[in-house]
Each structure stands twice: as C-alpha cells, then as structure tokens.
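What the coordinates show
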Amino acid sequence: MNSTTISIKNLFFKKEISRLEDAMQYIHQLPYGRNADRANYMLVLEEEKGTCSTKHALLKAFAMELGEDKVQLFLGVYKMMEENTPGIGKVLDASPLNYIPEAHCYLKVEGKRVDLTSQNADISKVEKGLLEEQEILPDDIGDYKVNYHKNFIRNWLKMEYPELTFEEVWQLREACIAALSQ
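Counting starts from 1 at the beginning of each chain's written sequence and moves along it residue by residue. In view of the model being predicted, local features appear only for residues whose pLDDT reaches at least 70, and side-chain atom pairs are presented and counted only at 80 or more, with totals across whole chains, interfaces and linings using the full set of residues. Just so you know, side-chain values use all the structure's heavy atoms and leave hydrogens and water out.

Topic: the confidence of the model for the chain
Stated precisely, the cut-off is as follows: pLDDT: the predictor's confidence for each residue, scored from 0 to 100. A run of DSSP states H or I qualifies as a helix once it reaches four residues; a run of E qualifies as a strand once it reaches two. Both are numbered from the N-terminal end.
Chain-level statistics for the chain give a pLDDT mean of 94 and a share of 97% at 70 or above. Per-element confidence in the chain is highest for strand E1 (residues 71–80), whose mean pLDDT is 98, and lowest for helix H8 (residues 166–180), whose mean pLDDT is 93.

In structure tokens form, the structure reads like this:
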C-alpha cells in the first residue's frame with residue numbers, strides 16, 4: 001500500500017479526528033476482523049474493522065504523516081496458547097503442540113508496548129510468551145509479515161518438532177484463528 005498517494009490525515013479528518021491519541025482511541029473501539037486486502041491498512045477506515053496488522057499499521061502511518069516520532073510499529077512472534085489466546089485450547093489439545101508461534105503486530109508508544117487490536121486485547125499476555133520482535137514499517141504487514149512468520153515456523157519446527165511438516169502446523173494455526181472468530 002503506497003500511503004503517499006492518499007492522505008491518512010484527510011481520512012481521519014472526515015471523521016473529525018486530528019490528533020493521534022483520538023485516532024488510537026477510535027481504532028481501538030473498532031471490531032476485530034480481516035480486511036478485504038490484508039496489506040491495505042487504509043481499509044480499516046472504510047470497512048470499520050481491522051486486524052492487529054492493519055489497525056496498527058494505519059496508526060503508525062498516521063503518526064508518520066503527523067511527524068510524530070514517539071510511535072513505532074512492531075512485529076512480534078509469541079507462543080500462542082490457550083492461556084494467552086483464549087479459544088484455541090481445543091485445537092491445540094488435539095495436536096502434539098503446546099503452542100504455535102504466532103506473528104502479532106502492535107505499537108510501541110514512547111517505548112511502551114500498546115495493543116489496540118480489540119477491546120479485550122492484553123499486550124501483557126503476548127509479552128510473557130514473546131519469542132522475538134522487530135520494528136517494521138506499515139507497508140511490511142503484507143508479504144513481508146507472512147513470509148517472516150512462515151520462515152519462523154519452519155525454523156522452529158526443525159528445532160522443536162522435526163517430525164511435523166510445515167503444512168500440518170500451518171493448518172493447525174489456521175484452525176486456531178478460525179476458532180477465535182467463533
């Protein structure tokens with residue numbers, strides 16, 4: 001998504017939002033949901049929903065337009081399990097895995113992790129299982145994030161579960177994500 005062609009400030013202004021703090025509050029109250037294009041964070045405002053990736057990328061892009069340097073966008077991989085992601089326990093219980101490495105996007109505002117994915121998002125639960133994190137840019141939420149996540153799982157499997165295939169684990173992950181939306 002090339003955010004330079006469309007002004008995010010103007011889109012927020014149409015919603016009578018001009019400050020980053022107000023945009024964060026607005027985005028936080030929007031429901032969780034996959035957007036029509038996982039890489040197009042501008043759809044959050046149009047579809048009035050978003051994922052961890054699209055919501056946080058939009059806010060980072062807005063901060064960049066405002067010249068705010070206190071906001072960073074991060075991609076973290078954490079141990080997704082029932083304890084920190086309620087609703088996936090039945091899927092994992094039927095598998096040989098205790099957890100699945102899951103990619104999650106969030107912000108750091110003045111160095112403090114912030115998760116605005118949904119009203120009940122709790123970054124402390126992700127932090128406890130955090131395996132790795134890196135700062136990314138808004139345009140990295142598409143192919144870069146997916147490829148990074150898949151490569152992380154492939155490497156993890158070699159070390160932890162060499163008897164399992166990537167395809168088996170990715171199907172389990174998709175089943176976990178489906179369980180969350182029920």
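Resuming the write-up.
Observations regarding the environment of Leu 66
Under the convention used in this document: Between two residues, a contact is recorded if the distance between any of their heavy atoms is within 4.5 Å.
Mapping Leu 66 onto the fold places it in helix H4 (residues 52–66). Residues Leu 66 and Leu 20, 46 residues apart in the sequence, show an inter-C-alpha distance of 8.0 Å. With sequence-adjacent residues up to four places away left out, Leu 66 is seen in contact with Lys 9, Ser 18 and Leu 20.

Topic: the packing of aromatic side chains
How we decide: Geometry of aromatic contacts follows a simple scheme: Phe, Tyr and Trp rings, the Trp one being its six-membered ring, pair when their centres are within 6.5 Å, and the pair is stacked under 30 degrees between planes, edge-to-face over 60, tilted otherwise. Using a 1.4 Å probe on the protein chains alone, a residue whose accessible area is under 20% of its type maximum counts as buried, one over 50% counts as exposed, and one in between counts as partly exposed. A positively charged side chain is recorded as over a ring if its NZ (Lys) or CZ (Arg) lies within 6 Å of the ring centre. The angle to the ring normal must also be within 35 degrees.
Under the definition given, this model contains 6 aromatic pairs. Ring centres of Tyr 99 and Trp 156 lie 5.4 Å apart, and the angle between their planes is 50°; this geometry places the pair in the tilted category. Linking Tyr 99 in the loop between helix H5 (89–93) and strand E2 (100–109) with Trp 156 in helix H7 (residues 143–160), this pair joins segments that are 57 residues apart in sequence. Residue classification places Trp 156 among the buried positions, given a relative accessible area of 8%. An aromatic cluster is present here, built from Tyr 99, Trp 156 and Tyr 161 joined pairwise through their rings. The lysine or arginine in question, Lys 108, covers the ring of Phe 74, its NZ or CZ lying 4.3 Å from the ring centre. Against the face of Trp 170 rests Lys 150, its NZ or CZ located 5.3 Å from the ring centre.

Some words on H7
To keep things clear, this is the line we draw: For a helix, the expected span equals 1.5 Å multiplied by the residue count minus one.
For H7, spanning 18 residues, the distance from its first C-alpha to its last is 25 Å, which sits close to the expected 26 Å at 1.5 Å a residue. All of the buried residues along H7 are Lys 145, Val 146, Tyr 148, His 149, Phe 152, Ile 153, Trp 156 and Leu 157. Against the buried residues of H7 lie H4, E1, E2, strand E4 (130–136) and H8.

Focus on the environment of Thr 54
Threshold: As used in this structure description, the phrase polar contact means that two N or O atoms lie within 3.5 Å; if the pair is within protein, one of them must be able to donate a hydrogen and the other to accept it, and residues adjacent in sequence are counted only when both atoms belong to side chains.
Here Thr 54 is to be found in helix H4. Judged by its relative accessible area of 1%, Thr 54 is buried. The contact partners of Thr 54, leaving out residues within four places of it in the chain, are Asn 35, Arg 38, Asn 40, Tyr 41, Val 44 and Ile 141. For Thr 54, the side chain forms a polar contact with the main-chain nitrogen of Thr 51, separated by 2.9 Å.

Observations regarding the sheet that holds strand E3 (residues 112–114)
Rules: By definition, two strands form a pair when at least two bridges between them are found by DSSP. Each axis is a line fitted through C-alpha atoms, and for a helix only the stretch in contact is used; angles between axes span 0 to 180 degrees, taken between their N-to-C directions.
An order of E3-E2-E1-E4 is seen for the 4 strands of this open sheet, with the pairing classed as antiparallel. If you trace the sheet from one side to the other, it starts and ends with E3 and E4, each paired once. Pairwise comparison of adjacent strand axes, ignoring direction, gives a mean angle of 40° for this sheet. By the bridge criterion, 10 bridges tie E1 to E2 in an arrangement that is antiparallel.

Observations regarding unusual backbone geometry
Its identity is not glycine, yet Glu 16 carries a phi of approximately 60°, on the positive side. Mapped onto the fold, Glu 16 is located in the loop between helix H1 (8–13) and helix H2 (20–29). Phi at Glu 110 is positive, roughly 50°, even though this residue is not glycine. Looking at where Glu 110 falls in the secondary structure, it is placed in the loop between E2 and E3. Accessibility expressed as a relative area gives 64% for Glu 110, which makes it exposed.

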